[in-house]
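Given next are the chains, with one letter for each unit.
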Amino acid sequence: MSGRRVRLGVLVSGSGSNLQALLDACAREDFPAEVACVVSNMPGAYALERARAAGVPAVVVDHKAHASKVEFEAALLEALRAAGVEWVCLAGFMRLLSADFLGRFTGKVLNVHPSLLPSFPGLHAQRQALERGVKVAGCTVHFVDAGTDTGPIIGQAAVPVLPDDDEQSLSARILVEEHRLYPLAVRLAVTGQVALNGMCTRVTAVATAGELALRSPGAVK
Ligand code: GRF
C-alpha cells in the first residue's frame, strides 16, 4: 500500500484471537494500519505470544502492579505514547478505561463485544444471551466511551442461536464473525469513512456499508 499506515495499539487480556485477526489484516499490503504495539494487563496472556510471533512489540502493564487506576492508566498511556500509537483497539481487554484516558485518544478507541449491543453489555455476554433465550446473537464493533459497551456502534454481525447451543458453541460461532468484522471496522474508521453523529455512525464507503450489518453465511440451515 502506498502512503503511511495508521499506528494501532492493541490492548489485550487473554487469548488474543481478535488481535490475531488484526495482525493478519495488517499483514496485507493494502491494509491502512499496522499494529505498533500490543499491551496486556495480564502477564500470562497468550495474546503476547501472538504479538511476538508477528514481530510486534508486546509489553505487560499489569494493573495489579499499580497502586491505583490513575497510575495504571498513566503506565498504559506511556507504553502507547512510546510506540507512537494513534488509534487504540481493545481486543478482549478486561479493564474499563476512564474518561481521562479516553480523552487522550478522542474518537480513536474501538472495541469488539460479543453481543448485539445494546443488548447484553458487560461480562459473559454470550451466557446472558442464552439465559434470555434470544434466537439471534452476534457481535458489535463500537467506539469506546466511558460506559460499559455503550459507545456509538460502527458495525454488527448476527449469528443464529441453535437449540443445543451452550456458552462455548455460541461463543465460537460469534468469534468467527468478530474476526471478520473487527478488521473491516478498523479499516473504515482509521481511513475516516465512519462519520459520527451523536450516538449514530454513518459509513461513507458505499461498497462496504452493507458488510457492517451482515448475517452469518451459516445463519439459515
Ligand atoms: C471476545 O469474544 C471479545 O469480543 C471479548 O472477549 C473475547 C476475547 O477474545 N471482549 P480474544 O482474546 O480476542 O480471543
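Residues numbered from 1 in each chain as written. Predicted model: local features only at pLDDT ≥ 70, side-chain atom pairs only at ≥ 80, totals over all residues. Heavy atoms only, no water.

A. The arrangement of the site of the ligand in detail. What surrounds the ligand is the set S15, G16, S17, N18, G92, V112, H113, P114, L175 and E178. Taking G16, its main chain carries an N or O atom lying 2.9 Å from an oxygen atom of the ligand. Interatomic distance of 2.5 Å between a side-chain N/O atom of S17 and an oxygen atom of the ligand. Here the ligand has 360 Å² of accessible area as a free molecule, and 81% of this is covered by the chains. Cavity membership is defined here by more than half of the atoms lying within 2 Å of grid points; on that basis the ligand lies in the largest pocket. If you list the elements that add at least two residues to the shell around the ligand, you get α1 (17-26), β5 (109-113) and α6 (167-190). Looking at the shell around the ligand residue by residue, the class counts come to 3 nonpolar, 6 polar and 1 charged. (Near = heavy atom within 4 Å. Polar contact = N/O pair within 3.5 Å; in protein donor to acceptor, adjacent residues only side chain to side chain. Areas by Shrake-Rupley, 256 points an atom, 1.4 Å probe, with all protein chains shown as cover. 1 Å grid on protein atoms, 1.4 Å probe; cavity = no way out; pocket = protein on both sides within 12 Å on 5 of 7 lines; lining within 4 Å. Sits in = over half its atoms within 2 Å of the grid points. Helix = DSSP H or I, 4+ residues; strand = E, 2+ residues; numbered from the N terminus. Nonpolar A, V, L, I, M, F, W, Y, C, P; charged D, E, K, R; others polar.)

B. How the structure looks around the packing of α1 against α6. Where α1 contacts α6, the two axes come as close as 9 Å, and the packing angle between them is 45°. Our classification of the angle between α1 and α6 gives oblique. Every pair of crossing elements has a handedness; the one defined by α1 and α6 is right-handed. Within the contact between the two elements, α1 uses S17, N18, A21, L22 and A25 and α6 uses L175, E178, H179, Y182, P183 and V186. For the contact of α1 with α6, the class distribution of residues is 7 nonpolar, 3 polar and 1 charged. (Axes fitted to C-alpha atoms, helices over the stretch in contact; angles between N-to-C directions. Parallel < 35°, antiparallel > 145°, perpendicular 65-115°, else oblique. Left-handed = near helix turned anticlockwise from the far one by under 90°. Contact = heavy atoms within 4.5 Å.)

C. Summary view of the packing of helix α5 (residues 125-132) against α6. Two elements in contact, α5 and α6, have axes whose closest approach is 9 Å; the angle formed by their N-to-C orientations is 115°. Considering how the two elements wind past one another, α5 and α6 form a crossing that is right-handed. Of α6, the residues touching α5 (which contributes Q126, R127, A129 and L130) are E167, L170, S171 and I174.

D. Highlighting the side chain of N18. Along the chain, the position of N18 falls in helix α1. Judged by relative accessible area, N18 falls into the buried class, the value being 7%. Ignoring anything within four residues of it in the chain, the contact list for N18 reads A91, V112, L175, E178, H179 and Y182. (Buried < 20%, exposed > 50% of the residue type's maximum accessible area, 1.4 Å probe, protein only.)

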